[in-house]
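One letter stands for each residue in the lines below.
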Amino acid sequence: MIRFDEVSQRYPGGHEALKQVSFELERGEMAFLTGRSGAGKSTLLKCIMRTESLSQGQILVSGRNIQRISDKQIPFYRRRIGVVFQDHQLLYDRSVYENVALPLRIDGYREADAARRVRAALDKVGLLSKEKMNPIALSGGEQQRVGIARAVVNRPQILLADEPTGNLDPELAADIMKLFEQFNQIGVSMLIASHDLALITRLRHRMLTLDNGRLIRDEQHPSRQGAGSS
Amino acid sequence: MKASRTRKSAPSRAASGKLRVSPGEWLRQHWLCAKDALQRLFSQPVNTFMTLMVIGVALLLPALLYVLGSNLAQFGNRLTETGQITAYFHDATSDADHLSLVNSLQTDDRINVVNYISTEQAMRDFADWSGLGDVMSNLEENPLPASLDIHLPASGLTDINALAEELSANELIDLVQVDEQWLIRLEQILMLGDRIVLVLVAVLAMAVLFIVGNSIRTIIANRSDEIQVMNLIGATRQYMARPFLWLGLCYGFLGGVIAWILLALMLLFIHEPASALLGFYGSEYQLIGLGWQASLSLLLGSALLGWLGARISVSRHLTKS
Ligand SMILES: Nc1ncnc2c1ncn2[C@@H]1O[C@H](COP(=O)(O)OP(=O)(O)OP(=O)(O)O)[C@@H](O)[C@H]1O
Ligand SMILES: [Mg+2]
């Protein structure tokens, strides 16, 4: 589904945030991306979204080299990927419903179809009763769930999440992860960046560890892994 | 992936990447955008009002000059309609000779109207006009010559010099005066006025572009979060630009409406004295307003300017993927 071939990325300032990263995420697979702050997790996700371009190597998504996608086609490529951000990135000038409906509006859905999908997504994250509220009036965990509903409302085949549990308490964080696992069970491929080792080692998924831009570990069975990464 | 695509009931992204949206849906989206733009404008009434006032005043100036020009042009039209020659007879000519010339001129195609003013008529007119009737009647001899007042149609103005020469050559005629000279001058003044309006329109159009562009730039900056999110979830540039273009259009159009209202108020304010002044020159002259065609041009033009300003701003400030 997502394949990195010797991918390097250098920011305009000259900092090399990714160094020859190679891995492949299978269709329907769920994996965590971890590493200390500044290791390059966000950068790796940005490269998949193609908001950052590569200095070397290539990324294939569904077998397609994404560097070759023209600027005009990029929006249509991005619509196939759902993204969840640490800081939700909700729009506070509109209701929860409108926030979740955003990807559908962009995609030109008819109102009736959009309404059905938005309600289904909100139901999934347990916020159907709050659709008319402004997201500012919701708790952090609820806002994060609105962000997840928005990411999945278009039924993407790939879901990327950058620190989705960053500032949630452990219980809420575990709930969010459970939600992700449910999406994964219906076939969505997932890559979740998180440095919450305590939480993700409890979940039995593949774990990719970045250190200073290098992929230093790629383990299928996190339960076997000890705590001390370099 | 195929399976999920067939499951979609809505217009989907085709392989070509083109959205297949029905015209009705497309219209509805634009309507939502326009409504949203207006709502945003009125959610910050003070800011919006100030911007609109600036745009309105910028548009008012050329509109005002245009109205001034069209009022002056009334005189231009009148004078062009009646190009005029005055021919004075020699003192030593008889009324009979005068009348035969009048008769021959009346058959001349180039001439609209010939008025004969005999020496007695001239005396009466002068006495009336000057109020010196008593003094004049005491004169032994009438010092005023008989004259011809010849009006040419507008289309015949090119003949005016030839006709004047013919008349001077006539031995009955002493002096010929052509009023064409200052006709041309008024025409030239009006033409200059037109040019000045054009230059002003160009300069102030630039100003409107700049004002709208700058306002849109600020709004884009204020909404950078939203734009970033939109960009990440796959909005096309056109989709992201749409609300700003509508906003620019609304700015321009409402600015035009304000200019129109200001102009109407001004005309209302000067209506009485201006009508009195114009009435002094003749009952056919009256204060002319903008007229519906010019009003429509003002509103459409300003809306277009607003849209263009927004477009320039969007192309410069909306982030690239
Ligand atoms: N826009 C940028 N320009 C230049 N350097 C950048 C930019 N964004 C990130 N970096 C640098 O790239 C490196 C990797 O950043 P990245 O945000 O990918 O880290 P991260 O693993 O997500 O960290 P965190 O856990 O703190 O979010 C960091 O050293 C950072 O300073
Ligand atoms: Mg990060």
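Basis of the calculations
Residue numbering note: each chain is counted from 1, following its sequence as written. As they are written, the chains are lettered A onward and the ligands numbered 1 onward, keeping that order. Per-residue local features are limited, in this predicted model, to residues with pLDDT of at least 70; the limit for side-chain atom pairs, both in listing and counting, is 80 or more; totals at the level of whole chains, interfaces and linings are taken over all residues. The side-chain values count all of the structure's non-hydrogen atoms but skip hydrogen atoms and water molecules. Think of each axis as a best-fit line through the C-alpha atoms, taken over the contacting stretch in the case of a helix, with angles from 0 to 180 degrees between the N-to-C directions. The helix and strand labels rest on DSSP assignments: H or I over at least four residues marks a helix, E over at least two residues marks a strand, and numbering proceeds from the N terminus. Note: crossing handedness is left-handed where the near helix turns anticlockwise from the far helix by less than a right angle, and right-handed where it turns clockwise. Here, residues are in contact when the closest pair of their heavy atoms is within 4.5 Å. For this classification, the nonpolar set comprises Ala, Val, Leu, Ile, Met, Phe, Trp, Tyr, Cys and Pro, the charged set comprises Asp, Glu, Lys and Arg, and every other residue, Gly included, is treated as polar. UniProt positions are given in the numbering used here, feature names are shortened, and annotations may be inferred rather than shown by experiment. In this scheme, patches are assembled from residues that exceed 30% relative accessible area and form no salt bridge. Like charges are connected within 9 Å, while nonpolar side chains (Val, Leu, Ile, Met, Phe, Trp, Tyr) are connected within 5 Å. We get accessible surface area from the Shrake-Rupley algorithm with a probe of 1.4 Å; when it comes to residues, only the shown protein chains can shield them. What makes a salt bridge here is a side-chain nitrogen of Lys or Arg within 4 Å of a carboxyl oxygen of Asp or Glu, nothing more. Positive charges are assigned to Lys and Arg, negative charges to Asp and Glu, while His and the chain termini are left out of the count. Charge coordinates come from a single atom per side chain, which is NZ of Lys, CZ of Arg, CG of Asp or CD of Glu. DSSP calls a pair of strands paired once it identifies at least 2 bridges connecting them. Burial classes follow relative accessibility: with a 1.4 Å probe on protein chains only, a residue under 20% of its type's maximum area counts as buried, one over 50% as exposed, and anything between as partly exposed. Summary of the distance rule: residues count as near a molecule or strand when at least one heavy atom falls within 4 Å of that molecule or strand. For the purposes of these results, a polar contact is taken to be a pair of N or O atoms within 3.5 Å, where, inside protein, one atom must be able to donate a hydrogen and its partner to accept one; residues adjacent in sequence count only when each atom of the pair is a side-chain atom.

A. Looking closely at the packing of helix α10 (residues 237-281) of chain B against helix α11 (residues 291-317) of chain B. Residue and element names in this part refer to chain B. Contact geometry for α10 and α11: axes closest at 7 Å, N-to-C directions at 145°. In this structure, the crossing between α10 and α11 has a hand that is right-handed. Note on element contacts: α11 touches α10 through S295, L298, L299, S302, A303, G306, W307, A310, R311, V314 and S315, opposite R237, A241, F244, L245, G248, L249, G252, F253, G256, V257, A259 and W260. Residues that form the contact of α10 with α11 fall into these classes: 14 nonpolar, seven polar and two charged.

B. Quick look at the UniProt feature "transmembrane region" (unreviewed entry) in chain B. Residues and elements named next belong to chain B. The UniProt feature table records "transmembrane region" (unreviewed entry) at residues 49-69, 196-216, 244-270 and 290-310. Structurally, residues 49-69 comprises 100% helix and 0% strand, and the distance from its first C-alpha atom to its last is 30 Å. Regarding residues 290-310, the helix share stands at 95% and the strand share at 0%, and the terminal C-alpha atoms are separated by 27 Å.

C. Geometry of a negative patch on the surface. Among the surface-exposed residues, D91, E140, E141 and D174 of chain B lie close enough to one another that they form a single negatively charged patch. With respect to the helices and strands, the residue E140 of chain B is situated in the loop between α6 (133-137) and β3 (147-152).

D. Molecular detail of the sheet that holds strand β2 (residues 16-25) of chain A. Residues and elements named next belong to chain A. Spatial strand order, β2-β1-β4-β5: four strands in an open sheet with antiparallel pairing. Each of the sheet's edge strands pairs with one partner strand only, and the pair in question is β2 and β5 (64-65). Contacts between helix α1 (residues 41-49) and the sheet are confined to β1 (2-10), β2 and β4 (56-61), with β2 contributing the most and set at about 65° to the helix.

E. Just unusual backbone geometry, in detail. All names here are of chain A. Of note in this structure, E6 is not a glycine but carries a positive phi near 45°. Assignment of secondary structure puts E6 in strand β1. Given the relative accessible area of 46%, E6 is considered partly exposed. Phi angles above zero are rare outside glycine, and R155 is one such case at about 50°.

F. Highlighting the site of ligand 1. Residues and elements named next belong to chain A. Taken together, 13 residues form the shell around ligand 1, and within it S37, G38, K41, S42 and T43 come nearest. Note that an oxygen atom of ligand 1 is positioned 2.6 Å from one of the side-chain N or O atoms of S37. Within the contact set of ligand 1, an oxygen atom lies 2.5 Å away from a side-chain nitrogen or oxygen of T43. About the coverage of ligand 1: the protein hides 64% of its 630 Å² of free accessible area. No other element matches the three residues that α1 contributes to the shell around ligand 1. Broken down by class, the residue content of the shell around ligand 1 amounts to three nonpolar, seven polar and three charged.

G. Region of interest: the sheet that holds strand β8 (residues 189-193) of chain A. All names here are of chain A. Overall, mixed pairing links the six strands, which are arranged β6-β7-β8-β3-β9-β10 in an open sheet. A strand with exactly one partner marks an edge of an open sheet, and here the two such strands are β6 (81-84) and β10 (214-219). Sheet twist, expressed as the average angle between the axes of neighbouring strands with direction ignored, equals 15°. Where strand β3 (residues 30-34) and β8 come together, four bridges link them in parallel fashion. In the strand pairing of β8, A31 is matched with L191. Contacting β6 and β7 (158-162), helix α5 (residues 140-152) runs over the sheet at an angle of about 170° to β6.

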